[in-house]
Amino acid sequence: MGTLVRGRRGAVAAALAAALGAAMAPTAAWAEVGPADGAGRTSKSVARDDGWRGDGLELNAADNSAVDAFLKQAEKAEKEISPRVRAAAVLSEAELIGFDQRLKSPDSLKRKVATSMKETPGQTVNQALATMKDSVRYTLQWPDGKYTSGVALAASLLSAWGDDSVKWSNTWDTPKGYKGINSAWREPRWGHAYEVQFHTPASKKAQLDTHSIYEEQRLPGTPPERVKELQAQQDAIFAAVPVPAGAAGLTGPAERVPAGLSQPVTVTPPGAPAATKLPVG
């Protein structure tokens, strides 16, 4: 791997320069919600001085403020992360899908945090935020024939450039359900986690085709019988996705910082006492 990276120094420099230039453009990533962040949703959410409500979920004022502070941290971290991800995409010959939606929308993150807190009685907003790895997220896509080598190179580059691999979920060999690789990384400057999904065109299409099904399945009020029915629908769609040669054996880089020893940057919501600190995802 070292030889490969050294042999591409010129390409790395060019890719990083292009990525840095693109990253200077104004970020309006959550002004428009893309298919992976709310497709098929008809209910409305409301952010108010006394909190947030949507889809039968809610956050009180303090918890809502904590999520807003977390989102501001995500915006800062994204400016550090995007140039490296774009460069990794160029060098591994990946297509970068949905880059305009790289920041998770406020409603989507608040819905996810509220769901986590409802499903885990006693969980604090800080504990819920500590599990959020996709406030900043990307998708890299390759044709089946280039997928395995492309993923290996992109992951190695991100690791070589200082981002720490903190999650690697490879579901290509599972008999049912989602197909693809979902990875999470922690960037070194802010200590903020971000997600990179690795897909083929077929697996990405299946993800989009099942998104509204998955969203309905996750709602707290969905009856168990309906949950099973929705899972069967997802299984059928993903079962038709071809598995690229070698994809099932792909593993992520070793985590540099042992779990529990990292010291992520903390943020404080506006108006909160200085002692109130929030984890960065």
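Residues numbered from 1 in each chain as written. Predicted model: local features only at pLDDT ≥ 70, side-chain atom pairs only at ≥ 80, totals over all residues. Heavy atoms only, no water.

Teacher, can you tell me more about the sheet that holds strand β6 (residues 164-170) here?
The pairing of strands in a sheet happens through backbone hydrogen bonds and is either parallel or antiparallel. Ordered in space as β4-β5-β8-β7-β6, the five strands form an open sheet in which the pairing is mixed. Of all strands in the sheet, those with a lone pairing partner are β4 (95-97) and β6, marking the two edges. Neighbour to neighbour, the strand axes of the sheet diverge by 25 degrees on average, direction disregarded. Bridge analysis of β6 against strand β7 (residues 181-186) gives six bridges, and the strand direction is antiparallel. Within β7, the residue paired with Lys-167 across the bridge is Ala-184. Running at roughly 165 degrees to strand β8 (residues 193-199), helix α6 (residues 144-160) makes contact with β5 (137-141), β6, β7 and β8 of the sheet. (Pairing = 2+ DSSP bridges. Helix = DSSP H or I, 4+ residues; strand = E, 2+ residues; numbered from the N terminus. Axes fitted to C-alpha atoms, helices over the stretch in contact; angles between N-to-C directions. Contact = heavy atoms within 4.5 Å.)

How should I be thinking about helix α8 (residues 224-239) in this particular structure?
Along its 16 residues, α8 runs 22 Å from first to last C-alpha, staying within 8% of the 22 Å computed at 1.5 Å per residue. Listed as buried for α8 are Leu-230, Gln-234, Asp-235 and Phe-238. The buried side chains of α8 occupy one side of the element, clustering within an arc of 145 degrees when seen end-on. Pointing more than 90 degrees away from the buried face of α8 are the exposed residues Glu-225, Lys-228, Ala-236 and Ala-239. Contacts from the buried residues of α8 go to α7 (201-218). (Expected span 1.5 Å × (residues − 1). Buried < 20%, exposed > 50% of the residue type's maximum accessible area, 1.4 Å probe, protein only. Arc of directions from axis to C-beta.)

Quick question: what am I supposed to make of the side chain of Ser-135 here?
Within the secondary structure, Ser-135 sits in the loop between α5 (125-130) and β5. Owing to a relative accessible area of 1%, Ser-135 belongs among the buried residues under this scheme. At 2.8 Å, the side chain of Ser-135 forms a polar contact with the side chain of His-192. (Polar contact = N/O pair within 3.5 Å; in protein donor to acceptor, adjacent residues only side chain to side chain.)

What am I meant to see in the pairing of strand β2 (residues 51-54) here?
Two faces belong to every sheet, and in a regular strand the side chains alternate between them. Both β2 and strand β3 (residues 57-60) contribute to a ladder of four bridges, which runs antiparallel. Bridge pairing in β3 links Gly-51 to Asn-60. The turn linking β2 back onto β3 is made up of two residues, and Asp-55 within it adopts a positive phi angle of 55 degrees.

It is not clear to me how the packing of α7 against α8 should be interpreted in this structure. Could you clarify?
The geometry of a pair of packed helices is captured by two quantities: the angle between their axes and the separation between those axes. In contact at an axis separation of 9 Å, α7 and α8 are set at 180 degrees when each is read in the N-to-C sense. As summarised for this structure, α7 and α8 are arranged roughly antiparallel, according to the angle between their axes. Taken together, the residues of α8 that come into contact with α7 (itself represented by Ser-203, Ala-206, Gln-207, Asp-209, Thr-210, Ile-213, Tyr-214, Glu-216 and Gln-217) are Arg-226, Val-227, Leu-230, Gln-231, Gln-233, Gln-234, Ile-237 and Phe-238. Here the contact of α7 with α8 is composed, by residue class, of seven nonpolar, seven polar and three charged. (Parallel < 35°, antiparallel > 145°, perpendicular 65-115°, else oblique. Nonpolar A, V, L, I, M, F, W, Y, C, P; charged D, E, K, R; others polar.)

Is there a simple way to explain the nonpolar core in this structure?
Side chains of a nonpolar character, in soluble globular proteins, are inclined to be buried together. Counting 32 residues, the largest nonpolar core has Tyr-138, Leu-140, Trp-142, Tyr-147, Tyr-194, Val-196 and Phe-198 as its most contacted members. Elements that contribute at least two residues to this core include exactly α3 (61-91), β5, α6, β7 and β8. Each residue touching Tyr-194, except ones within four places of it in the same chain, is listed here: Ile-81, Val-85, Lys-133, Val-136, Tyr-138, Leu-158, Asp-163, Ser-183, Ala-184, Trp-185 and Glu-187. Trp-52, Ala-66, Leu-109 and Val-113 belong to the second largest nonpolar core, which has 15 residues in total. (Core = buried A, V, L, I, M, F, W, Y, C linked by side-chain atoms within 4.5 Å.)

So what exactly am I meant to see when it comes to the packing of aromatic side chains here?
Note on aromatic pairs: each is described by the distance of the centres and the angle between the planes. Counting across every chain of the model gives seven aromatic pairs. Each member of the aromatic cluster is reached from another via a ring pair, and the members are Trp-142, Tyr-147, Trp-168, Trp-172 and Phe-198. The ring centre of Phe-99 lies 4.8 Å from the NZ or CZ of Arg-86, which sits over that ring. Over the aromatic face of Phe-99 sits the side chain of Arg-102, whose NZ or CZ is 4.1 Å from the ring centroid. (Phe/Tyr/Trp six-rings, centres within 6.5 Å; stacked < 30°, edge-to-face > 60°. Lys NZ or Arg CZ within 6 Å of the ring centre and 35° of its normal.)

How should I be thinking about α3 in this particular structure?
One full turn of an α-helix is made of 3.6 residues, so residues set three or four places apart face in the same direction. With 31 residues, α3 ought to run about 45 Å at 1.5 Å a step, and its terminal C-alpha atoms sit 45 Å apart, in line with that. Of all the bends in α3, the greatest, near 35 degrees, is centred on Glu-78. A distance of 3.2 Å separates the backbone nitrogen of Ala-62 from a side-chain oxygen at the start of α3, and that oxygen is part of Asn-60. Two residues or fewer after α3 comes Glu-93, characterised by a positive phi angle close to 60 degrees. (Bend = angle between axes of the 7 residues up to and from the residue.)

What exactly am I supposed to notice about the packing of α3 against α6 here?
Following both chains from N to C, one finds α3 and α6 inclined at 145 degrees, their axes separated by 9 Å at the closest point. α6 is crossed by α3, and the crossing has right-handed handedness. Between α3, through Arg-84, Val-85, Ala-88 and Leu-91, and α6, the contact on the second element is made entirely by Leu-153, Ala-154, Leu-157 and Leu-158. (Left-handed = near helix turned anticlockwise from the far one by under 90°.)

Could you clarify how one ought to interpret the pattern of salt bridges in this entry?
Opposite charge on two side chains permits them to pair, given that their charged atoms come into close proximity. Evaluated as defined, the whole model comprises twelve salt bridges. For the salt bridge of Lys-104 with Asp-134, the shortest nitrogen-to-oxygen distance reads 3.2 Å. Of this pair, Lys-104 sits in the loop between β4 and α4 (106-119) while Asp-134 sits in the loop between α5 and β5, placing them 30 residues apart in sequence. Assessed through its relative accessible area of 8%, Asp-134 is described here as buried. Here Asp-209 and Lys-205 are joined by a salt bridge, their closest N and O atoms 2.8 Å apart. Taken as a pair, Asp-209 and Lys-205 lie in helix α7 at a separation of four residues, close to a single helical turn. Taken together, the shared-partner salt bridges in this structure form one network comprising Lys-104, Lys-112 and Asp-134. (Salt bridge = Lys/Arg side-chain N within 4 Å of Asp/Glu carboxyl O.)

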